[in-house]
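Each chain, letter by letter, is given below.
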Amino acid sequence: MSDSKNTLNQRKQNALPRGNAVMCDWYASKAENATLWDTEGREVIDFAGGIAVLNTGHRHPKVVAAVKAQLDKFTHTAFQIVPYESYISLAERINQRVPVEGPAKTAFFSTGAEAVENAVKIARSYTGRHGVVTFGGAFHGRTMMTMAMTGKVSPYKQDFGPMVPSVFHGRFPDEKEVTVEQALNSLDDIFHYDIAPHNVAAIVLEPIQGEGGFRVAPNAFMTALRELADKHGILLIADEVQTGFARTGTLFAMENFDVKPDIITMAKSLAGGFPLSAVAGRAEVMDAPNPGGLGGTYAGNPLSIAAAHAVLDAIDEEQLCQRSVQLGGELVSCLQELQARCTAINEVRGLGSMVAVEFHQADVARKVQAAAMEAGLLLLTCGQKGNVIRFLYPLTIPTEQFRQGLTILTRALQENAA
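Let me sum up the structure you'll find in this document. Predicted model, so just to flag it, every value in this text is computed and none were measured. (Residues numbered from 1 in each chain as written. Predicted model: local features only at pLDDT ≥ 70, side-chain atom pairs only at ≥ 80, totals over all residues. Heavy atoms only, no water.)

It is worth spelling out the overall build of the chain at this point. Secondary structure summary: the chain contains 13 helices and 15 strands in total. Over its C-alpha atoms the chain spans a radius of gyration of 21 Å, differing by no more than 12% from the 22 Å that the globule rule assigns to 418 residues. Principal axes of the C-alpha set define a box for the chain whose edges measure 55 × 55 × 45 Å. The contacts in the chain between residues at least 6 apart in sequence include a share of 72% that link residues at least 24 apart. Within the structure as shown, the chain displays about 18,000 Å² of accessible surface, and the carbon and sulfur contribution to it stands at 50%. Each charge sign in the chain was given a centre, from 37 positive and 44 negative side chains, and these centres are 4 Å apart. (Helix = DSSP H or I, 4+ residues; strand = E, 2+ residues; numbered from the N terminus. Rg over C-alpha atoms; globule rule 2.2 N^0.38 Å. Contact = heavy atoms within 4.5 Å. Areas by Shrake-Rupley, 256 points an atom, 1.4 Å probe, with all protein chains shown as cover. Lys, Arg positive; Asp, Glu negative; His and termini not counted. Charge placed at Lys NZ, Arg CZ, Asp CG, Glu CD.)

This brings us to the pattern of salt bridges. A complete count under the given rule lists 17 salt bridges for this structure. With a shortest N-O distance of 2.8 Å, R93 and D313 are connected by a salt bridge. Of this pair, R93 sits in helix 4 (residues 85–97) while D313 sits in helix 10 (residues 302–317), placing them 220 residues apart in sequence. Since its relative accessible area comes to 24%, R93 is described here as partly exposed. In this structure D313 comes out as partly exposed when scored by relative accessible area, which is 29%. A salt bridge links D287 to K105; the nearest nitrogen and oxygen atoms lie 2.9 Å apart. Of this pair, D287 sits in the loop between helix 9 (283–286) and helix 10 while K105 sits in strand 4 (residues 104–109), and the two are 182 residues apart along the sequence. Through salt bridges with shared partners, a single ionic network connects R226, D230, D262, R282 and E284. (Salt bridge = Lys/Arg side-chain N within 4 Å of Asp/Glu carboxyl O. Buried < 20%, exposed > 50% of the residue type's maximum accessible area, 1.4 Å probe, protein only.)

To continue, consider the side chain of T127. Relative to the helices and strands, T127 resides in helix 5 (residues 112–127). Polar contacts involving the side chain of T127 include one to the main-chain carbonyl oxygen of A123, which spans 2.8 Å. Among the polar contacts listed, one links the side chain of T127 to the backbone nitrogen of R129, at a separation of 3.2 Å. Every residue in contact with T127, bar those within four places of it in the chain, is listed here: A201, G233 and L235. (Polar contact = N/O pair within 3.5 Å; in protein donor to acceptor, adjacent residues only side chain to side chain.)

With antiparallel pairing, four strands are arranged side by side in an open sheet as 11-12-15-14. The strands lining the two open edges of the sheet, one partner per strand, are strand 11 (345–351) and strand 14 (380–382). Ignoring strand direction, the axes of neighbouring strands in this sheet form an average angle of 25°. As paired strands, strand 14 and strand 15 (residues 388–391) are joined by three bridges and run antiparallel to one another. Paired with L380 across the bridge in strand 15 is R390. Of the strands in this sheet, strand 12 (354–359), strand 14 and strand 15 touch helix 12 (residues 362–374), which is tilted by about 40° from strand 15. (Pairing = 2+ DSSP bridges. Axes fitted to C-alpha atoms, helices over the stretch in contact; angles between N-to-C directions.)

Another aspect to go through is the pairing of strand 5 (residues 131–135). Among the five residues of strand 5, five are classified as buried, and the element is accordingly described as predominantly covered. What you see with strand 5 is no split at all: G131, V133 and F135 on one side and V132 and T134 on the other are buried throughout. Sheet analysis places strand 5 next to strand 7 (residues 200–205), joined by three bridges and oriented parallel. Directly across from G131, in strand 7, lies its bridge partner V200. Both strand 5 and strand 6 (residues 167–170) contribute to a ladder of four bridges, which runs parallel. By the bridge assignment, F135 is partnered in strand 6 with G170.

This part covers the packing of aromatic side chains. Scanning the model with the defined rule gives 14 aromatic pairs in all. Among the aromatic residues, those joined into a cluster by ring pairs are F74, F79, Y84, Y87 and F108. In this structure, K30 is placed above the aromatic ring of W37, and the distance from its NZ or CZ to the ring centre is 4.8 Å. Sitting over the ring of Y393, R247 keeps its end group 5.5 Å from the ring centre. (Phe/Tyr/Trp six-rings, centres within 6.5 Å; stacked < 30°, edge-to-face > 60°. Lys NZ or Arg CZ within 6 Å of the ring centre and 35° of its normal.)

Alternating positions in strand 15 separate into two faces, V388 and R390 on one and I389 and F391 on the other, with burial throughout. Pairing analysis gives four bridges linking strand 12 to strand 15, with the strands arranged antiparallel. Across the sheet, the residue bridging to V355 is F391, located in strand 15. Once strand 14 ends, the chain turns through five residues before running back antiparallel as strand 15, passing G383 with a positive phi of about 100°.

Following this line, the structure appears as structure tokens:
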């Protein structure tokens, strides 16, 4: 018999550092599609998806079968030492679908932060410049470079000393507090006060901010960024670590906009729960670093590569992009009906199944989250003020279970956000 929840919590406290904050006080014992079971047998509907990692659900049969088959062959060679065909064929599949101009190339890594760091390396190599512009509210990772790029101090940047230099933050437009014009003016200020545009290698942004509260970049802003980048010879990098792989109703969120980036980073749902990330971009840009300039011991692990092939198969065969739009539309309708009755709700927003509800106060978001958890529904908060609940359910969730989750959500909102 496994230890009790209280015993496990005490062991966690004794063994792990304080900085490893953990949201739930219960422990997973097994999972299937959109369902988690804890060590005490309780069943939970998963609307968190491992923070957007499980668009194809827990233990998708195709992913499990692909990884088991690869496990019987080999688990590691380090691709940069001994290569394997599956890495190449996955790159070919992504190159065919990534929304960049002209021929594309792809390199694989392990984590989202690693992908973003390598995207910056590639941009600096291609342009011969050092500056990086990102945006307030952005989340790009927890490594030293990506921490500097992240536009939120607490808890990601506080107490970790000086940030990596040559990173500057513009304002992200949300059409409410910050207009497109104000956001563009903030970039003009950066070019006048902080760094000349001819020293900027890249502008990096999330098409829809993740930790920043699921704020969707206006199409007009994307168009203006593309024009600004082209005017000054700056590369435009889309960080799609959270937005990719059918979450927004298209394989990549950038397919919802009228412009294309030069580089796209991806991770999370790329490999259905296995650690894998990638950087894809215009071939001439991706070829800028010298041989040996890109890589990593675990980059493109063969088990994760096999899982990613299965994820792409599942997305296509199960029409998960269409499913994302369907589920997201039902969720938005539910939330908008509640908004008419719940004065605590400020806004409902999103794209496809990347949907969020923003409250006027953070304590309401926490209360709704806690009430839903008590009733068996796992939710995540986000936003600069912690006043947003985001929805990241598997796109493979059965319709009946999805609607059961909406029923729990509705009750939690009615009781805590009226």
